[in-house]
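Each chain, written out:
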Amino acid sequence: MRVYVPLTLPGLAAAHKAGEIGPGPLTAYAVTPGLREWYVSDDIEELEYAALNRAASASLRLIAGNPDVVRRRVVVAVDVPDGSAVADPDRSLDSSSLGEVRIASPVALTEAAAVHVDADDAEKDVTAAAAALGAADLGDDDAQFTVDGAEDHELLWFGIQEIPNLIG
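So, here's what we can say about the structure. (Residues numbered from 1 in each chain as written. Predicted model: local features only at pLDDT ≥ 70, side-chain atom pairs only at ≥ 80, totals over all residues. Heavy atoms only, no water.)

Val3, Leu12, Ile21, Val76, Val78, Ile103 and Val115 are the most contacted members of the largest nonpolar core, which totals 25 residues. Setting aside residues no more than four positions away along its own chain, isoleucine 21 makes contact with Val5, Leu7, Ala15, Leu26, Val76, Val78, Pro106, Val107 and Leu109. (Core = buried A, V, L, I, M, F, W, Y, C linked by side-chain atoms within 4.5 Å. Buried < 20%, exposed > 50% of the residue type's maximum accessible area, 1.4 Å probe, protein only. Contact = heavy atoms within 4.5 Å.)

Next up, the structure:
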């Protein structure tokens, strides 16, 4: 099963140094029944893209909670054994948890398929979005517009062998 783990650049550096993403439990995003129902598509690529975007939003939350990290969203796409990523059935109707899964233990970085990271030119919009996130959560439409501005930036794809260049 492919899951998308939200990180920050320092989190990616720590995972690279440790050789694993962890410790567990990890929050990740995947194509879950709730995500399928919400997205209303049978196209697996579209559904995986939706899960990737949910993880990018979670990465933004990690950035907003740590003012010292570089303002670039990071998502690691990892293949885990079926059944190791579990959705919380009690939160299946909560729109904020669509696609969210838990992985009990750390995941070896060798299981990563790719790393997705914002380009340098996204930093201004990601910085503004991180600052506006709290107000957006409280229903401020202008703040939500700012948060959506970060989502206009597509994450770039990198192979795992490129991690040293990303964190360097």
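Attention now goes to the layout of surface pockets. Quantified by volume, the largest pocket comes out at close to 510 Å³. In terms of lining, the largest pocket is formed by 23 residues, of which the most central are Arg54, Ser57, Arg61, Val147 and Glu151. Of all the secondary-structure elements, those providing two or more residues to the lining of the largest pocket are helix H3 (44–64), helix H4 (123–137) and helix H5 (141–151). Per element, the largest residue contribution to the lining of the largest pocket is 8 residues, and it comes from H3. (1 Å grid on protein atoms, 1.4 Å probe; cavity = no way out; pocket = protein on both sides within 12 Å on 5 of 7 lines; lining within 4 Å. Points joined across faces, edges and corners; volume = space filled by probe spheres on them. Helix = DSSP H or I, 4+ residues; strand = E, 2+ residues; numbered from the N terminus.)

The omega torsion of the bond from glycine 22 to proline 23 falls at 5 degrees, within 30 degrees of zero and hence cis. Mapped onto the elements, proline 23 comes out in the loop between strand S2 (20–21) and strand S3 (26–29). Residue glycine 24 is joined to proline 25 through a cis peptide bond whose omega torsion reads -5 degrees. Residue position: proline 25 is located in the loop between S2 and S3.

Where like charges cluster on the molecular surface, the negative patch consists of Asp121, Asp125, Asp148, Glu151, Asp152 and Glu154. For aspartate 148, a relative accessible area of 32% translates into the label partly exposed. (Patch = residues over 30% accessible without salt bridge, like charges linked within 9 Å, V, L, I, M, F, W, Y side chains within 5 Å. Areas by Shrake-Rupley, 256 points an atom, 1.4 Å probe, with all protein chains shown as cover. Salt bridge = Lys/Arg side-chain N within 4 Å of Asp/Glu carboxyl O. Lys, Arg positive; Asp, Glu negative; His and termini not counted. Charge placed at Lys NZ, Arg CZ, Asp CG, Glu CD.)

Okay, the packing of H3 against H4 next. Contact geometry of H3 with H4 gives a least axis separation of 9 Å together with a crossing angle of 95 degrees. When the interaxial angle is binned, H3 and H4 end up roughly perpendicular. For the pair H3 and H4, contact is made by Leu60, Arg61, Ile63 and Ala64 and by Val126, Ala129, Ala130, Leu133 and Asp137, respectively. Taken together, the residues that form the contact of H3 with H4 break down as 7 nonpolar, no polar and 2 charged. (Axes fitted to C-alpha atoms, helices over the stretch in contact; angles between N-to-C directions. Parallel < 35°, antiparallel > 145°, perpendicular 65-115°, else oblique. Nonpolar A, V, L, I, M, F, W, Y, C, P; charged D, E, K, R; others polar.)

Any functional reading would require information beyond the geometric quantities listed.
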